[in-house]
Amino acid sequence: MKPTHLALAFLLAACFPWEGIANEGSDQLFIYTSRHYPIDETLIHKFEDETDALVFVTGGSDRDILRRIRSEGSSSQADIIIAADVRMLSALQQDGLLTPLPTSFDLSQFPEKFLHPERFWMPMTARARVIFFDKGKVPSSSVQSYHDLTKPEFAGRLCMRSCRHAYNQSLFSSWIEHLGTEQTTRLISGLANNLAENTRGGDTAQIKAIAEGRCDVAIANHYYYLRLSSTQGSHDIKESVGLVYPGQNPENNENHHGSHVNISAIALAKNSTNRALALQYMEFLTRTEHQELLVRTTHEFPARNDIKQTKEINSLGVFNSDDISLHNFFKNRETTLNMCDAVQWK
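Enquirer: Where do I start with the state of the cysteines in this structure?
Expert: Any covalent bond linking the sulfur atoms of two cysteines counts as a disulfide. Summed over the entire model, instances satisfying the criterion amount to two disulfides. The disulfide partner of C159 is C215, and the gap between their sulfur atoms is 2.4 Å. Here C159 and C215 share a disulfide; its torsion about the S-S bond, -120°, makes the bridge left-handed. Of this pair, C159 sits in strand β6 (residues 158-159) while C215 sits in the loop between α7 (203-211) and β7 (217-221), placing them 56 residues apart in sequence. For C159, a relative accessible area of 4% translates into the label buried. You can call C215 buried: its relative accessible area is 2%. The residue that forms a disulfide with C163 is C340, at a sulfur-sulfur distance of 1.9 Å. Disulfide C163 to C340: torsion about the S-S bond roughly -70°, handedness left-handed. One end of the pair, C163, is in the loop between β6 and α5 (166-179); the other, C340, is in helix α13 (residues 333-342), and 177 residues separate them in sequence.

Printed below as a string of structure tokens:
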């Protein structure tokens, strides 16, 4: 294993986000990623051991990675780009900074809705954006759709992270695809009006806020609940916080079009100087053992059709997901950001 190269790259990304490492050989791979999971590093080390390649990783948020690659342009060292949310890859594709995967690269095991029609990325894992509620205060029957959270009865009771965060932006983009801009504007306004005071932090903070009695309902990704539930001292979370997959009533098509699902994905940078090694790493990630490892350690859903879910995920129940193709979301970016600004939800 070669931990020094990985550690150095992460350290440079954290302390000097615009500094790079010179590319000095054909067996080096440069990864820019907005995922920050230990299992990703473990898999990189394993790939290094198998191939004798050196892997350098630059980490940051989706916004940081996007800004860096745009700034670097044709001089970017990135061979591979890994995004926590596929909207970042859509932005890079629109900028002409990605290269389609060759037709020889097998994507047949992934659902079509997760793929770009021109093969600009490979899915890694999936996650559902779901509703959480206080079991002692809120009947699950009252929160069966995202739209329910805009009702006056939830005024001052909703916790939700920034309107402008990628997870929410993708959710709102899916609403535009289903409902149009006018109704989506009303829904975002309804959510903003119902926010509890001093709502801040990421998805984990929103779920904890319910357990602590600071709000009664929240929208967050499913795996944060599983991570919290599996930690020591998680009794309050399990006992007090419930989860609903929204949009499961087929008789009400307007409000029930399945739960919103998004993906983490990996793409080939346009200016990669080592495409063969980059594709080799992507194929490495598609192996069954590695897909199962990703799901087991992150509590995300498998992106591949043939990979089984964990028992922890199965404990949350069965649900129907929204079937909208994810590559459509980016086209609504400016519209959804303007909607957030219009209701002064930062």
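Enquirer: When you look at the packing of aromatic side chains in this model, what are you seeing that I'm missing?
Expert: Each aromatic ring pair is described using two quantities: the centre-to-centre distance and the angle formed by the ring planes. In total, this model carries eleven aromatic pairs according to the counting rule given. An angle of 20° between the planes, with centres 5.1 Å apart, marks the rings of F30 and F56 as stacked. One end of the pair, F30, is in strand β1 (residues 28-33); the other, F56, is in strand β2 (residues 54-59), with 26 residues separating them in the sequence. The exposure class assigned to F30 is buried, which follows from its relative accessible area of 4%. The exposure class assigned to F56 is buried, which follows from its relative accessible area of 6%. Consider the rings of F301 and F319, whose centres lie 5.5 Å apart with planes at 50°: the pair is tilted. Taken together, the residues F301 in strand β10 (residues 301-302) and F319 in the loop between α12 (311-314) and α13 connect sequence positions 18 residues apart. We note that F301, like F319, is buried. Taken together, the ring pairs connect Y146, F172, W175 and W345 into an aromatic cluster. For R227, the ring lying beneath its charged end belongs to Y224, and the centroid distance is 5.5 Å.

Enquirer: Would you take a moment to explain the packing of α5 against helix α6 (residues 181-194) for this structure?
Expert: Any two packed helices are characterised by how steeply their axes cross, that is the angle between the axes, and by the distance between the axes. At their nearest, the axes of α5 and α6 sit 7 Å apart, and the two run at 140° to each other. It follows that α5 is oblique to α6 by the angle criterion. As α5 runs across α6, the sense of the crossing is right-handed. Contacts between α5 and α6 involve F172, W175, I176 and L179 from the former and T181, Q183, T184, L187, I188 and L191 from the latter. Looking at the contact of α5 with α6 residue by residue, the classes come out as seven nonpolar, three polar and no charged.

Enquirer: What am I meant to see in unusual backbone geometry here?
Expert: Trans is the common state for peptide bonds, and a negative phi is the common state for residues other than glycine. Look at H299: it is not a glycine, yet its phi comes out positive at around 65°. Among the secondary structure elements, H299 is positioned in the loop between α11 (288-298) and β10. Residue H299 is classed as buried on the basis of its relative accessible area of 11%. Backbone geometry at Q344 places phi at a positive 55°, although glycine is not the residue there.

Enquirer: Before we go on, may I ask you to explain the nonpolar core in this structure?
Expert: Side chains of a nonpolar character, in soluble globular proteins, are inclined to be buried together. In terms of nonpolar packing, the biggest core is built from 84 residues, with I81, L89 and Y281 touching the most fellow members. Setting aside its immediate chain neighbours within four residues, Y281 contacts L29, I31, D40, I44, F47, I80 and I266. The next biggest cluster of nonpolar side chains, apart from the first, holds 26 residues, and it includes M160, L179, L187 and C340.

Enquirer: Would you take a moment to explain the pattern of salt bridges for this structure?
Expert: When the charged atoms of two side chains lie near each other, side chains of opposite charge can form a pair. Using the criterion set out here, one finds 20 salt bridges in the structure. Residue D323 pairs with K113 through a salt bridge whose shortest N-O separation is 3.4 Å. Here D323, found in the loop between α12 and α13, pairs with K113, found in the loop between β4 (98-99) and β5 (122-134); they are 210 residues apart in sequence, far enough to count as distant. Residue class for D323 comes out exposed when judged on its relative accessible area of 60%.

The rules we used
Residues numbered from 1 in each chain as written. Predicted model: local features only at pLDDT ≥ 70, side-chain atom pairs only at ≥ 80, totals over all residues. Heavy atoms only, no water. Disulfide = S-S within 2.5 Å. Helix = DSSP H or I, 4+ residues; strand = E, 2+ residues; numbered from the N terminus. Buried < 20%, exposed > 50% of the residue type's maximum accessible area, 1.4 Å probe, protein only. Phe/Tyr/Trp six-rings, centres within 6.5 Å; stacked < 30°, edge-to-face > 60°. Lys NZ or Arg CZ within 6 Å of the ring centre and 35° of its normal. Axes fitted to C-alpha atoms, helices over the stretch in contact; angles between N-to-C directions. Parallel < 35°, antiparallel > 145°, perpendicular 65-115°, else oblique. Left-handed = near helix turned anticlockwise from the far one by under 90°. Contact = heavy atoms within 4.5 Å. Nonpolar A, V, L, I, M, F, W, Y, C, P; charged D, E, K, R; others polar. Core = buried A, V, L, I, M, F, W, Y, C linked by side-chain atoms within 4.5 Å. Salt bridge = Lys/Arg side-chain N within 4 Å of Asp/Glu carboxyl O.

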